[in-house]
Amino acid sequence: MPREPRRPHPGRVVFANRLRQLRLDAHMTQEQVAHRADLDRSFYVDVENGRHSVGLDRILDIADALNVEPASLFQRPT
């Protein structure tokens, strides 16, 4: 029997939602963030949609691109 697709970790969803909010707050497009972080746009879109997780180096690059502290990418909404 085929396995059901694994659901993303809830923390990945929080990260993706926070990433989207910070990007919108910065008035940037996904393409602009991806370019500044030296990432492929489609990869960044998948990260922001919670389909891919990223390693520490990419987290630091994305935080730099958004001009925020890396820890802010993990803050849950209040």
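Below or above, wherever it landed, is the structure these notes cover. (Residues numbered from 1 in each chain as written. Predicted model: local features only at pLDDT ≥ 70, side-chain atom pairs only at ≥ 80, totals over all residues. Heavy atoms only, no water.)

Quick look at the packing of aromatic side chains
The geometry of an aromatic ring pair is captured by the separation of the ring centres together with the interplanar angle, meaning the angle of the planes. Evaluation of the coordinates by the stated rule reveals one aromatic pair. Ring centres 5.1 Å apart and planes at 40° place the aromatic pair Phe15 and Phe74 in the tilted group. With a gap of 59 residues between them, Phe15 in helix H1 (residues 10-25) and Phe74 in the segment after helix H4 (56-66) connect regions that are remote in the sequence. Phe15 gets classed as buried once you look at its relative accessible area, which sits at 7%. (Phe/Tyr/Trp six-rings, centres within 6.5 Å; stacked < 30°, edge-to-face > 60°. Helix = DSSP H or I, 4+ residues; strand = E, 2+ residues; numbered from the N terminus. Buried < 20%, exposed > 50% of the residue type's maximum accessible area, 1.4 Å probe, protein only.)

With respect to the nonpolar core
The biggest cluster of nonpolar side chains holds 17 residues, and the ones touching the most others in it are Phe15, Leu19, Val33, Tyr44, Ile62, Leu66 and Leu73. Listed by contribution, the elements that provide at least two residues to this core are H1, helix H2 (30-36), helix H3 (41-48) and H4. No other element matches the five residues that H4 contributes to this core. Excluding residues that lie within four positions of it along the chain, Tyr44 makes contacts with Leu19, Arg23, Gln30, Val33, Ala34, Leu39 and Ile62. (Core = buried A, V, L, I, M, F, W, Y, C linked by side-chain atoms within 4.5 Å. Contact = heavy atoms within 4.5 Å.)

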